[in-house]
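Examining the three-dimensional arrangement
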Amino acid sequence: MKLQRKNRLRALSLGAVAVSGAMALTACGSDATGSTTTGSSSSASTSASSIKCDNAKGQLLADGSSAQKNAIDAWVKNFSQACGVQINYKGGGSGAGVTAFTQGQLAFAGSDSALKPAEVTASKSVCKGGQGIDLPMVGGPIALGYNVPGVDNLVLDAKTLAQIFNSDIKNWNDPAIKKLNPSAKLPDLKIQAFHRSDESGTTDNFTKYLKATAPSVWGKYSGGKAWQAPGGQSAPQSAGVAQQVKQTAGAIGYFELSYVSDGIKAVSIATGASKPVAPSTDSATADIAAAKVVGVGQDLSLKLDYATKAEGAYPITLVTYEIVCDKGNKADTLPATKAFLRYIASEDGQKILSGINYAPVPDAIIAKVRTTIEGLS
């Protein structure tokens, strides 16, 4: 009887989740590729009631970073309910988003790495009288998710990670891994390292970390959004890499903390601090708080410290930017674009992030973002 009752309750719960997900997709016009959590209903209601719609109307098409997909889904749900604007954010990867933006196909794009000079130049043909700018909106750790049976607490350092993803370390009971995990029962199991198949800002940030902290292994690669190291296996978007790790014994891959779920555990990083640091919103915030604004004009791109040894600071973090024209935005989408960006940069919008495994942008930086949004034209 207890088992039957448990199964009935589980079925009801799954049914409720399915109905809720379908409603969210209908309201938002989204093609979600990862699970979305929006926190408590009271939190969502409070956020929606405080949203300023102004003259927002119609539809917005956006694309880009899959790292921020779960955050965008949560924001879109609230904004669409409040303002009736349909926002379709594809989450096809940073490379796809930036390309589509510079071709004039999007109201805004999401990218986990700031616009390159050539991309800024390309944006000027779309942003009449202006250019594309980077607005930091979502922070968070890049987790190294793994699926190694019998190993619940895995510690790795930069050099070992670089050797794993460079196909130099091939087995989980390798001496280098044993040295970092003396009490773990590491199996004689082949490592299955997964990387992104699409151009990705997550790849860009992860490899920047490897270049900064393990130059003897990763220094030969130029880095960027496209994966360059030999070997390994690939999958599209963060959700695709996470799914492969979840279903493959011996797998390891990189993706945002919001994609860590049942069947996936996260590596703690030995940084040189007194103890290894696990990925969390707090440990990512500790790292992002030290970031410096290096953009010029209205651009607010940041420089992160990937080689940090600060206590409690997780070194493999990213900041996702919303990319928009500072001037020359399309008149029919500008009101809705500004209203949406205003909401996600607001105190209510940023509060949602910590509840879904993202890190809010530090106060000093997000204040500059809010000012910039008001000046968009």
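Structure: see above.
Residues numbered from 1 in each chain as written. Predicted model: local features only at pLDDT ≥ 70, side-chain atom pairs only at ≥ 80, totals over all residues. Heavy atoms only, no water.

It is worth spelling out the pairing of strand β6 (residues 192-196) at this point. The element β6 is extensively covered by neighbouring structure, given that four of its five residues are classed as buried. Bridging between β6 and strand β8 (residues 251-256) involves three bridges; their strand directions are parallel. Residue Phe 194 lies in a different strand from β8, and its bridge partner there is Gly 253. Strand direction decides the pairing type here: β6 and strand β7 (residues 233-235), joined by three bridges, are parallel. Counterpart to His 195 in the pairing with β7 is Ser 234. (Buried < 20%, exposed > 50% of the residue type's maximum accessible area, 1.4 Å probe, protein only. Helix = DSSP H or I, 4+ residues; strand = E, 2+ residues; numbered from the N terminus. Pairing = 2+ DSSP bridges.)

With that settled, consider the layout of surface pockets. Put simply, the second largest pocket is a space of about 280 Å³. Residue lining of the second largest pocket: 14 residues in total, with Lys 208, Leu 302, Lys 303, Tyr 306 and Tyr 321 positioned closest to the centre. Class assignment for the residues of the lining of the second largest pocket results in eight nonpolar, two polar and four charged. (1 Å grid on protein atoms, 1.4 Å probe; cavity = no way out; pocket = protein on both sides within 12 Å on 5 of 7 lines; lining within 4 Å. Points joined across faces, edges and corners; volume = space filled by probe spheres on them. Nonpolar A, V, L, I, M, F, W, Y, C, P; charged D, E, K, R; others polar.)

With that settled, the discussion passes to the pattern of salt bridges. Counted according to the given criterion, the structure contains nine salt bridges. Note that Arg 342 is salt-bridged to Asp 54, the shortest N-O span being 2.8 Å. Remark: Asp 54 occurs in the loop between α2 (41-49) and β1 (59-64) and Arg 342 occurs in helix α12 (residues 334-345); sequence separation between them is 288 residues. One salt bridge connects Asp 198 with Arg 196, and the closest N-O pair in it is separated by 2.8 Å. For Asp 198, a relative accessible area of 14% gives the class buried. One salt-bridge network, in which partners are shared between bridges, spans Asp 54, Arg 342 and Glu 374. (Salt bridge = Lys/Arg side-chain N within 4 Å of Asp/Glu carboxyl O.)

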